[in-house]
2 protein chains.
Amino acid sequence: MTLLDSVVMQGLGRHGALTEEDKTLLLGLELNPRRVSAGEVLWQESADVDLFCVIKEGWAYSYRNLGNGSMQILKVYLPGDIIGMRDFGFARRLAGVAMINEGVICPFTHQQLFEIFGCSPALAVGLIAMTVRQQAILTERLVYLGRYAAHERLAHFLYELYLRLKRIGAVEDNGFFMPLSQEQVGDALGLSAVHVSRTFSMLRDEGLVVRDRQHVTLPDPEALARLVEFNDTYIDEALPAVFQSFT
Amino acid sequence: MTLLDSVVMQGLGRHGALTEEDKTLLLGLELNPRRVSAGEVLWQESADVDLFCVIKEGWAYSYRNLGNGSMQILKVYLPGDIIGMRDFGFARRLAGVAMINEGVICPFTHQQLFEIFGCSPALAVGLIAMTVRQQAILTERLVYLGRYAAHERLAHFLYELYLRLKRIGAVEDNGFFMPLSQEQVGDALGLSAVHVSRTFSMLRDEGLVVRDRQHVTLPDPEALARLVEFNDTYIDEALPAVFQSFT
DNA sequence: GAGCGTCGATAACCTGCGTTATGAATCTCT
DNA sequence: AGAGATTCATAACGCAGGTTATCGACGCTC
């Protein structure tokens, strides 16, 4: 899973917007792969912002540790995602990032990012669009935290993962690998681990979600989508036409 | 309140990063002021993304109307803020925007934005930083929705407004004008209007917040900040050093 | 394969917040 | 200035979800 395979860049590629030079620049972000272990912290909250990363393998999450002892997971990152763009424009990290399972990441610097911005308007637009898209996912989570009940939050969370994993070819027979513990799911959804367990049981009893250890299957994804009224424009939609004249 | 007075741009100006041409470009975003009335919807969810806006006067909010009949307010915009950047990179609006009270807005187009990106790296960085900053505010709200109780959410919300208003000179004697109804505050914080009322009473009884109709006073802002462990780096922090060599 | 730590299921209990309702105060329109 | 519409405060009641606790099932390591 390289950045070139990622969704936004594929979109740009389809429109013929990417030159060979663009592709070279993009691959330049992935020259320094590093193997990381499960649970490894890539950076802490408030650390200096020096690097960004492409995830090649494994899952990660960004998080905030709170004064009251709890943790809020902000976002789960999958292979092909860029980590750290949230902090672009800040001197210090607004959130920590840790690996969920083991994987491979490719760090790159501010300088590389600036170089891309300077050399390739098409890539600049692509990177910005990618960042905005990640924010859209965050916004969707905010809506769910604010206004939906536990079973809707969990259903939405699983369905979102399902869609994102499907795009990168990580779904088989409506099932996928899901390395998060229920405690971590709770930290992402603003629920206690106990209630996540209860809610999983509920969804199982309704035939919407089957879970076996770290493997989740959605027997009827469409039924789940209906339950959460999933709005998938923010995940799948192409760049608007106006960008094509620009790039 | 013009964009030039806004915080990020002031930051850039202080570093001497803005040329006269930059300033002209920036003022070009504010050539078409339009008076808007209280409650006026600037655009609906799913509408085509054609315009962005600078708010010159008045408050606005972005929101999502949900299937279950409730509404989630995503963000409150104050004078000097840019509205709509959230949708940059999408063909359709991810959220509606409406005015809270009457005011003046200055719409501008994609084309103007592209022109700025093309002509002035300094402004491009400033705009991106501004967008990222708005997203940081959203993230902070997400954390509070997920992991804090009603009184903490409200205290945080008020203190954030206090800081943002102070920066634009709209705070006097620790008090400020706050045109949101309790129902709207509830929609922002994921609470019912009734509970917002209860919580206001609670904060009043503790001497932390005085409210008289649309006027809010924080007798002891520092005490409030301590209550919410307010992390203000995301509001006030300057651009990191690496940007200064770039711009 | 014994021992230990993590993870998840389920139960019992409690509370913060939603819901509904009522009345008072304030705003708006004519 | 009167009528209707908003907005807000407060109370009564119920429930979703937090908390604590217990137990079984899997993973580790030696």
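Residues numbered from 1 in each chain as written. Chains lettered and ligands numbered in written order. Predicted model: local features only at pLDDT ≥ 70, side-chain atom pairs only at ≥ 80, totals over all residues. Heavy atoms only, no water.

S.K.: Looking at this structure, I do not really get the interface of chain A and chain B. What am I missing?
M.R.: How big an interface is tends to be reported as the loss of accessible area on association of its parts. The interface of chain A with chain B comprises 49 residues on the first partner and 49 residues on the second. Each partner contributes to the roughly 4,500 Å² buried at the junction of chain A and chain B, and carbon and sulfur atoms together form 66% of this total. When the area that chain A buries against chain B is broken down by residue, the three leading residues are Phe90, Leu142 and Arg147 of chain A, summing to 17%. Our count for the contact surface shared by chain A and chain B stands at 4 salt bridges. (Contact = heavy atoms within 4.5 Å. Buried area = accessible area lost by both parts, 1.4 Å probe. Salt bridge = Lys/Arg side-chain N within 4 Å of Asp/Glu carboxyl O.)

S.K.: Quick question: what am I supposed to make of the protein's contact with DNA strand D here?
M.R.: Close to DNA strand D lie 17 residues, the nearest being Ala150 and Arg198 of chain A together with Gln182, Ser197 and Arg211 of chain B. At a separation of 3.3 Å, a phosphate oxygen of DNA strand D approaches a polar side-chain atom of histidine 195 of chain A. Within the side chain of arginine 198 of chain A, one N or O atom sits 2.8 Å away from a base nitrogen of DNA strand D. If you list the elements that add at least two residues to the surface near DNA strand D, you get helix H7 (193–205) of chain A together with helix H7 (193–205) of chain B. The biggest single contributor to the surface near DNA strand D is H7 of chain B, with 5 residues. Across the surface near DNA strand D, the residue classes break down as 5 nonpolar, 7 polar and 5 charged. (Near = heavy atom within 4 Å. Polar contact = N/O pair within 3.5 Å; in protein donor to acceptor, adjacent residues only side chain to side chain. Helix = DSSP H or I, 4+ residues; strand = E, 2+ residues; numbered from the N terminus. Nonpolar A, V, L, I, M, F, W, Y, C, P; charged D, E, K, R; others polar.)

S.K.: How should I be thinking about the packing of helix H5 (residues 150–167) of chain A against H7 of chain A in this particular structure?
M.R.: Packed helix pairs are characterised by how far apart their axes lie and by the angle those axes make with each other. Residue and element names in this part refer to chain A. Interhelical geometry of H5 versus H7 gives an angle of 75° and a closest axis separation of 10 Å. Comparing the axis directions of H5 and H7 gives the class roughly perpendicular. Of the residues in H7, those in contact with Ala150, His151, Leu154, Ala155 and Leu158 of H5 are His195, Val196, Thr199, Phe200, Met202 and Leu203. Partitioned by chemical class, the residues of the contact of H5 with H7 number 8 nonpolar, 3 polar and no charged. (Axes fitted to C-alpha atoms, helices over the stretch in contact; angles between N-to-C directions. Parallel < 35°, antiparallel > 145°, perpendicular 65-115°, else oblique.)

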